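Descriptive analysis of the structure
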Amino acid sequence: MITNYIDEFETYLNEVLINENKECSKLYESISYSLNAKGKRFRPKLIFASAISFGINPRDLFDVAVAIEMIHTYSLIHDDLPALDDDKLRRGVATNHIVYGEDYALLAGDNLQSLAFSHIYKCIEKGFDIKLLAAFATSCKEMVEGQSLDIDENYKTDISKLETVHLLKTGALIKFCVACPLFYTKDYSYYDKLIEYGENIGIAFQIMDDILDYKYSDEELGKSNSDALNDKATYISFVGIQKSEDLLAQKIENARNILSSMDIDTKELDEICEFNLKRIK
Ligand code: GRG
């Protein structure tokens, strides 16, 4: 069960900054503030679910999970800045720049990227395939590409373009999480299927994010939703709530069909599908 590993992972994550330069205490305080705030840890959970499906102990992937959570946290810190979404609430607390200022929020995000790559290096040192580094860098790059298309309002003219944005912005890290255990086993037989599953889960995650933003208040979700304020295109603004819910169900069905076609125990990955249909945060 992945839940058995999450508390242990939280402790591990809590300790990753303890040996960093004590002279830069404000920088590391601001990083720790966002990194250790109450996120869902959806991406680490995906990594652990995929690891279990391939008979790998999730602990062997803790450094990959730290790296991905660092990249994800940097993206949230930077996305909340006034130059982008200008949001004030994230993970149930004030956004990084509100507490530490825009200067430190920028630096916190920048440094989280470098720290993330040092955790990927640790994995390679422990024997992971070096291809892990290329796949990780690609997913970080694609996330930013997605963000650039997302702020280009002329790009999102129909739902297929919106899907392209989210396959990059939200889907890139999620795909990486599902596939990364293969860089440990170095057996890539199921790589394409995992990527396809990851694409469907990534889009489903984003559709659910839009549905939750539509249905619940900022206080209930613990984060600001500036999409309507910023006139951002979402699944709801394109096709309405009912069709968005249908599309979500379709993506989850696609993901489950991919799991059924694999000759491994995909129970944990199936629970990720269930989580995506039922989550309320
Ligand atoms: C590099 C500035 C920059 C941005 C990259 C990923 C991203 C683009 C921006 C973050 C904001 C955002 C709404 C992204 C879409 C993906 C998404 C739904 C993020 C929220 O992830 P959760 O719900 O957050 O897993 P927690 O706080 O639970 O970890």
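Quick caveat: nothing in here was measured; it's all calculated off a predicted structure.

For D209, the location among the structural elements is in helix α10 (residues 191–215). The exposure class of D209 is buried, given its relative accessible area of 18%. Setting aside residues no more than four positions away along its own chain, D209 makes contact with K223 and R279.

This paragraph deals with the site of the ligand. Around the ligand, a shell composed of 19 residues is seen, among which K40, R43, H72, D79 and R91 lie nearest. One of the side-chain N or O atoms of K40 is found 2.5 Å from an oxygen atom in the ligand. Between the ligand and the protein, one listed contact pairs an oxygen atom with a side-chain N or O atom of H72 at 2.8 Å. In the complex, 92% of the free accessible area of the ligand, which totals 710 Å², lies under the protein chains. Most atoms of the ligand, that is more than half of them, are within 2 Å of grid points of the largest pocket. Where the shell around the ligand is concerned, the elements lending two or more residues are α4 (62–79), α6 (131–150) and α10.

For an α-helix, the turn length of 3.6 residues means that residues three or four places apart are oriented alike. The end-to-end C-alpha distance of α10 is 36 Å, a good match for the 36 Å that 25 residues give at a rise of 1.5 Å each. In terms of residue burial, α10 counts as a mostly covered element, since 18 of its 25 residues are buried.

Time to look at helix α2 (residues 25–35). For α2, the complete set of buried residues consists of L27, Y28, S30, I31, S34 and L35. Projected down its long axis, α2 carries its buried residues within an arc of 160°, all on one side. Buried residues in α2 make contact with α1 (3–15), α4 and α5 (96–125).

Taken as a whole and assessed by the stated rule, the structure comprises 14 aromatic pairs. A centroid spacing of 5.6 Å and a plane angle of 75° characterise the contact between F9 and F48, whose relative ring orientation is edge-to-face. Separated by 39 residues along the polypeptide, F9 in helix α1 and F48 in helix α3 (residues 42–53) bring together distant segments of the chain. You'll find F9 and F48 in the same group, each marked buried. Ring geometry for F54 and Y190: centres 6.3 Å apart, planes at 55°, overall tilted. Placement of the pair is F54 in the loop between α3 and α4 and Y190 in the loop between α9 (182–185) and α10, with a sequence separation of 136 residues. The class for F54 is partly exposed, based on a relative accessible area of 22%.

According to the stated counting rule, one finds one cavity of 30 Å³ or more in the structure shown. Size it by volume and the largest cavity reaches roughly 80 Å³. Considering the residues around the largest cavity, the lining is formed by 13 residues, among which S34, I77, D80, R90 and R91 are closest to the centre. Ranked by residue count, the leading element in the lining of the largest cavity is α4, at three residues. Here the residues of the lining of the largest cavity are counted per class, giving six nonpolar, four polar and three charged.

About the thresholds
Residues numbered from 1 in each chain as written. Predicted model: local features only at pLDDT ≥ 70, side-chain atom pairs only at ≥ 80, totals over all residues. Heavy atoms only, no water. Helix = DSSP H or I, 4+ residues; strand = E, 2+ residues; numbered from the N terminus. Buried < 20%, exposed > 50% of the residue type's maximum accessible area, 1.4 Å probe, protein only. Contact = heavy atoms within 4.5 Å. Near = heavy atom within 4 Å. Polar contact = N/O pair within 3.5 Å; in protein donor to acceptor, adjacent residues only side chain to side chain. Areas by Shrake-Rupley, 256 points an atom, 1.4 Å probe, with all protein chains shown as cover. 1 Å grid on protein atoms, 1.4 Å probe; cavity = no way out; pocket = protein on both sides within 12 Å on 5 of 7 lines; lining within 4 Å. Sits in = over half its atoms within 2 Å of the grid points. Expected span 1.5 Å × (residues − 1). Arc of directions from axis to C-beta. Phe/Tyr/Trp six-rings, centres within 6.5 Å; stacked < 30°, edge-to-face > 60°. Points joined across faces, edges and corners; volume = space filled by probe spheres on them. Nonpolar A, V, L, I, M, F, W, Y, C, P; charged D, E, K, R; others polar.

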